[in-house]
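What the coordinates show
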Amino acid sequence: MGPPGGRGSSGARGSLQHLLLFLLFVGPFNCFASYSRATELFYSLNEGLPAGVLIGSLARDLRLPTAGSQQAASLQPPLSFTLASHGLGGQYVQLDNRSGELHTSAVEIDREALCVESSGATIFGGSAAVSSSPSPESCLLLLDVLVLPQEYFRLVKVKIAIRDVNDNAPRFPVPHIRLWVPENAPVNTRLAIEHPALDPDMGTNGVQTYRLRDNYGVFTLDVEENENGERTPYLIVMGALDRETQDEYVTVIVAEDGGTPPLVGSATLTIGISDINDNCPQFNDSQLNVTLYGNSSLGTHVATVHAVDMDLGSNAQITYSYSQKVPQPSRDLFHLNESTGAITLSTKVDGDTPRLHRLIILGNGPGCIPAVITVLVTIIKVMMRPPEVVPRFIANEVEGVVYLKELEPINTPIAFFTIKDPDEKYKVSCYLDGDGPFRLSPYKPYNNEYLLETTKPLDFETQQLYEISVVAWNSEGFHVKKVVKVQVLDDNDNSPVFSEQLIELSIEENNVPNAFLTKLHATDADSGERGQVSYFLGPDAPSYFALDKTTGVLTVSTQLDREEKEKYRYTVKAVDSGFPQRESIATVTITVLDKNDNSPRFINKDFSFFVPENFPGFGEIGVISVTDADAGQNGWVALSVLNGSDIFVIDTGKGVLRAKVSLDREQQSSYVLWIEAVDGGDPALSSTAKITILLLDINDNPPLVLFPQSNMSYLLVLPSTLPGSPITEVYAVDKDTGMNAVIAYSIIGRRGPRPESFRIDPKTGNITLEESLMQNDYGLYRLLVKVSDHGYPEPLHSTVMVNLFVNDTVSNESYIESLLRKEPDISVEEKQPQISIEPTHKKMESASCMPTLVALSIISLGSIALVTGMGIYICLRKGKKHHRADENLEVQIPLNGRINLHMLEKKPVEISNI
C-alpha cells in the first residue's frame, strides 16, 4: 500500500478523467439543444409597398409575451429583437426591438431589381443564392433575428416572399423589327419573330398575347410557349404574296401582358417580301428593222435589243445570244454583246455580202424560256462614201451616253459636231432627229460646225433618258446618223408632298395609352435616298403625341380629356434625305370626342334664398345654377325637386325655383329642398344640392290684445292710491317677428273727471297714476289705448278700452255696466307713442337682416314673458286687499261723442282688481 498522500492524488486524477469523459459525451447533445431553438417564420407581401406597412409580429407568431402584456412587463430584462445582419436584405425592413413588429422601410422593394438573376433568387445579408422554395416564381428575402434575453434566446430565420405586381409594361428590345418572307410562301407559313417583347413581371403579369394593328388581310400572329414558359410570337401568312405587286408591309406589333389592367408595348414591324424567280425576260417588240450602208466602218452600231425581267438581283439578270437558226456568216458579220444586247459591225461589207440578214436573238434569264426578237438588217450598197459625223462632247460622256443634271440652265452646251464629205465633192447638211428639249444649230463663223445644246431645263421626274440622232446627208441623198443618248441625273429639287395638307382626326376621350391616330403619308418625286421621307412632329406639338419617323404612324401616349382640351392643332414635317434636305409641312387637327364622364355640378353645394312671406304663387324664388363639363347631349341637364314637389316646382331648363302657392311665415318659417340634376348621357349621371328657403317676415299681423280681454271690463281704483303706483297694464302680442313684432302702447283717447291723471308706458303697456286723486276726481275713467307695431312699410295697430272706476267701493255694479255699454264721446288724439326703439324703413338685404330679426324676436319674447309674470303677480297681490262692496254707487259720466269700440263682447267681463 502506498502512502495516503499518493492515494489521494490518484483519486483526484480519476475524478478529473471522469469529468472530461462526461463533457465529451454531453457536449454534442448541448449543441443539438441550442440548434433546436432555431425557428423559421414565413411571410409574404407585394412589391412596391410604402414605408410602415406591417409585415408580421415576431413576438405574436413565436408565441412570446407581446409588448404591453402583463407578462412582458414583468420580464427583466425585457424581450428584445435584433437583426443579426444589416446587409442588403435588412435595408428593406424595419424591426421594432421591443415589440418584434416587422414593417417595410422607406426603401421600396422592387421585385424585378431584387431578383434580377432568376425568379428563384434569395436575398440574404447582402448576398444572393438559389432558393429551395418549390415555387418557380418565388423571390425570397431572408433575415436572421436574434431574440433575447437568455431564457427566450433563439435564432429566428425569417423568410419574406415578395409577390409580383403588374408594374412593368412589355418592351421590345428594338424599336424596329424587320422580317423577310419569300413571295412564294404558302398559306399558313410560320415565321418566328426573333425579338419578342420582354416583361420583368412574372406569371400572368408577363407577356401573354401579341397582335398586329394592321394585318393587311394577309398576316396574323400566333404565340408558342416553350418548356421554360417563354412566349415567342410567330408571323403566319394567311394569303398569297407578290413582291412585284407590293414588296413591303409596315405595321405595328403590340405585346400585352395579363395584368389588371393590362399593360402594352409596341414596336414597328416591317415585313419585306423577298424575290423569287417567278418572272422571265420579255421584249417589248417582236421584230426590229435596221438599215446599214455598205460603206459603214468597222464597229458601226447597228442596233440594240433590250429585254425586261420584273424580278430583282440575280433573278433579273439577262444575257443575249443568237439563236441556232442564225447562219454563221451573219454571226461573223454582226457582233452581239451578250450583256448589253448591242449589235455592231464586226467585218467589212463587200460585194459578196448578202444584202438581207435575219438575226434571231434570245433574251435568256435563269430558269426561264428565252424571249425572242428578230432583227432584220438591210445593207444598202453605196457607190460613194457617205458623209462623216464627228462628235466632240463638252458635257460628261461615257460610251456614247451624255450625263446632264436636271435643272441645268437653258442653252447648256452638250457637244460640237463636225459634218464633212470624205470625197469633198458634195454639199453636206445635217439636222437633229428625235424629241426633247435640244437644239442643233450652226456654230458661226465656222463652216460645217454644229452645236448641240439644251433649250429648257431638264426634269428627271418627267423624263430620265433621251435618245436623239444627228443626221447628215449629202446632195446625192446619202444619210448618216449619229445616235446620242442623254441621261438626266436626279437632283434634290422636290420636297416631300403630303397626301393631305390638313389632316383632320377625331378620337374619344379617355382613350387607352399609345392609341393609334393615323398613318401619315408623303411622297417625294426624287429618286434614291433623295426620295426617302422621314416624319417629325412640329415644335408646337404636345409632348404626349408620338410620330414614328419611318412609318409615319401617329399615336398619343396618354389619355385625353375633352373637358381639359377639346381640340389640338399642330404641325408635322416630312423631310427627305437629300442634300440640302427639303421638307414640307402639314397641319394635324384632332377633335376629342365627348364621353359622359362628368356629373352635373352645382355652383354651390348649398343654396340659401331669402323670400318675403306672402310671396305670390309661381313667383321666382331664385335660380339654381348647375353646369356639366360634357358637351352635346351629355351636357344637357334636367333639374327636379326630390322633396316638397307639392309646394315647389323648378324650371328644368333655366333652373328657376318657384312656389306654387303663397307662403306664410307664421305657418312655416323655412323649407329645406333637395334638387337633383340629371344629365342627358347614357348612362345618365346625376348630383344633388341642398336648397334652404328662409321666409322673411312681412307686417301682415296687427298686435293682438290679450289683456284686458274686453272693452266692458273695469277696474276699481282707490282714491288713496299714491302717484306713480301701477294701476293695470295692457298686454298684447304680435305674430310677426323683428321690428314687425315690436309693440308700442299709447293713449289716444281719454274720458273722465281728470283723465290726465293716468299715463301708459309705451314699452311695457303699464298704466300708472300720475297725480294724487282728489274728491272731485271720483268717477269712471275711460282710456282708449292704441297698441301699434313698428312694421314696415306701414305699421299695424289695435285698440282697447281700459275702464277705471275711481271710488272707495263698488256699490252698484249694474249701473257701472250700463255706463260701459254706452258708447263714450272720446276725441282721438293721433299722438305717436314715444319709444326708444326707432324702427328703420330702409330696405335692407335679407341676408343681413336675418341675424337682427332673430335677436329682436328673442328679446321681444323674453320681455313679454317678464311683463306677463309681473302682471299676474300684481293681480294676485291686489285681489287680497280689496273686496267688492254691497251698496250701489251711481256716477254720472257725461259722454260728448261716440266711438267704435274694438272687440266688444256681449257679456261684460268684470275685473275688480289687477
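Residues numbered from 1 in each chain as written. Predicted model: local features only at pLDDT ≥ 70, side-chain atom pairs only at ≥ 80, totals over all residues. Heavy atoms only, no water.

1. Here's the deal with the overall build of the chain
When you go through the chain residue by residue, the secondary structure sums to 7 helices and 61 strands. Residue pairs at least 24 apart in sequence account for 68% of intrachain contacts in the chain once pairs closer than 6 positions are excluded. When the accessible surface of the chain is summed, it comes to about 49800 Å², and 53% of that surface belongs to carbon and sulfur atoms. (Helix = DSSP H or I, 4+ residues; strand = E, 2+ residues; numbered from the N terminus. Contact = heavy atoms within 4.5 Å. Areas by Shrake-Rupley, 256 points an atom, 1.4 Å probe, with all protein chains shown as cover.)

2. Description of the state of the cysteines
Taken as a whole and judged by the stated rule, the model has 2 disulfides. The residue that forms a disulfide with C115 is C139, at a sulfur-sulfur distance of 1.6 Å. On the sign convention where negative is left-handed, the bridge of C115 and C139, at about 65° about the S-S bond, is right-handed. Residue C115 is located in the loop between helix 4 (111–114) and strand 6 (121–124), and its partner C139 is located in the loop between strand 7 (127–130) and strand 8 (140–148); the two are separated by 24 residues in the primary sequence. The residue that forms a disulfide with C280 is C368, at a sulfur-sulfur distance of 2.3 Å. (Disulfide = S-S within 2.5 Å.)

3. Things to note about the confidence of the model for the chain
Detailed reading of the predicted model is not advised wherever pLDDT is low. The share of residues in the chain with pLDDT of 70 or more is 82%, and the mean pLDDT across the chain is 81. Across residues 117–121, where pLDDT falls below 50, the model places 16 contacts with residues more than four positions away in sequence or in other chains. (pLDDT = per-residue confidence, 0-100.)

4. Examining the environment of G400
For G400, the position within the fold is in the loop between strand 27 (396–398) and strand 28 (401–405). A sequence separation of 82 residues divides G400 from K482, and the C-alpha atoms of the two residues are 9.8 Å apart. Every residue in contact with G400, bar those within four places of it in the chain, is listed here: V484 and K485.

5. Concerning the sheet that holds strand 54 (residues 714–717)
What holds strands together in a sheet is hydrogen bonding between their backbones, with the strands either parallel or antiparallel. Read from one edge to the other, the open sheet built from 4 strands follows the order 54-61-60-57, with strand pairing classed as mixed. Looking along the sheet, the strands with just one partner apiece sit at the ends: strand 54 and strand 57 (743–751). Taking each pair of neighbouring strands and ignoring which way they run, the sheet shows an average axis angle of 30°. The strands touched by helix 6 (residues 813–821) are strand 54, strand 60 (779–789) and strand 61 (797–806); relative to strand 60, the strand with the most contacts, the crossing angle is about 45°. (Pairing = 2+ DSSP bridges. Axes fitted to C-alpha atoms, helices over the stretch in contact; angles between N-to-C directions.)

6. Topic: the nonpolar core
Formed by 28 residues in total, the largest nonpolar core has its most connected members in L58, F81, V158 and I160. Elements that contribute at least two residues to this core include exactly strand 1 (39–46), helix 2 (58–61), strand 3 (80–83), strand 4 (93–95), strand 8 and strand 9 (154–163). In contact with F81, not counting residues within four places along its chain, are L58, A59, L64, L95, D96, N97, R98, S99, G100, V145, L146 and V147. Counting residues in hydrophobic clusters, the runner-up holds 25 residues, among them V326, F334, V349 and I361. (Core = buried A, V, L, I, M, F, W, Y, C linked by side-chain atoms within 4.5 Å. Buried < 20%, exposed > 50% of the residue type's maximum accessible area, 1.4 Å probe, protein only.)

7. What about the sheet that holds strand 31 (residues 438–442)?
Read across the open sheet, the 4 strands follow the order 26-29-32-31; overall the sheet is antiparallel. Edge positions in the sheet fall to strand 26 (388–393) and strand 31, since each has one partner strand and no second. Averaged over neighbouring strand pairs, the angle between their axes works out to 25° when direction is ignored. Of the pairings in the sheet, the one linking strand 31 to strand 32 (residues 449–454) comprises 5 bridges and is antiparallel in character. Residue pairing across strands places F438 opposite T454, the latter belonging to strand 32.

8. Section: the pattern of salt bridges
Applying the stated criterion across every chain, the model contains 23 salt bridges. Across the pair E248 and R178 runs a salt bridge, and its minimum N-O distance is 2.9 Å. Of this pair, E248 sits in strand 15 (residues 248–257) while R178 sits in strand 10 (residues 176–182), and the two are 70 residues apart along the sequence. A salt bridge links E449 to R392; the nearest nitrogen and oxygen atoms lie 2.5 Å apart. Here E449, found in strand 32, pairs with R392, found in strand 26; they are 57 residues apart in sequence, far enough to count as distant. Relative accessible area serves as the criterion here: at 41%, R392 is assigned to the partly exposed category. Each of R562, E563, E566 and D594 takes part in one network of salt bridges that share partners. (Salt bridge = Lys/Arg side-chain N within 4 Å of Asp/Glu carboxyl O.)

9. Digging into helix 6
Those residues of helix 6 lying buried are E813, Y815, I816, E817, L819 and L820. The elements touched by buried residues of helix 6 are strand 54, strand 60 and strand 61.

10. Side note on unusual backbone geometry
Across the junction of K444 and P445, the peptide omega takes the value 10°, indicating a cis bond. Looking at the element boundaries, P445 is found in the loop between strand 31 and strand 32. Positive phi outside glycine occurs at R63, with the angle close to 60°. Assignment of secondary structure puts R63 in the loop between helix 2 and helix 3 (70–73).

11. Some remarks on the pairing of strand 54
The two faces of strand 54 match: Y714 and L716 on one face and L715 and V717 on the other face are all buried. Note: strand 54 against strand 61, 4 bridges, orientation parallel. Residue pairing in the sheet places L715 in a bridge with L804 of strand 61.

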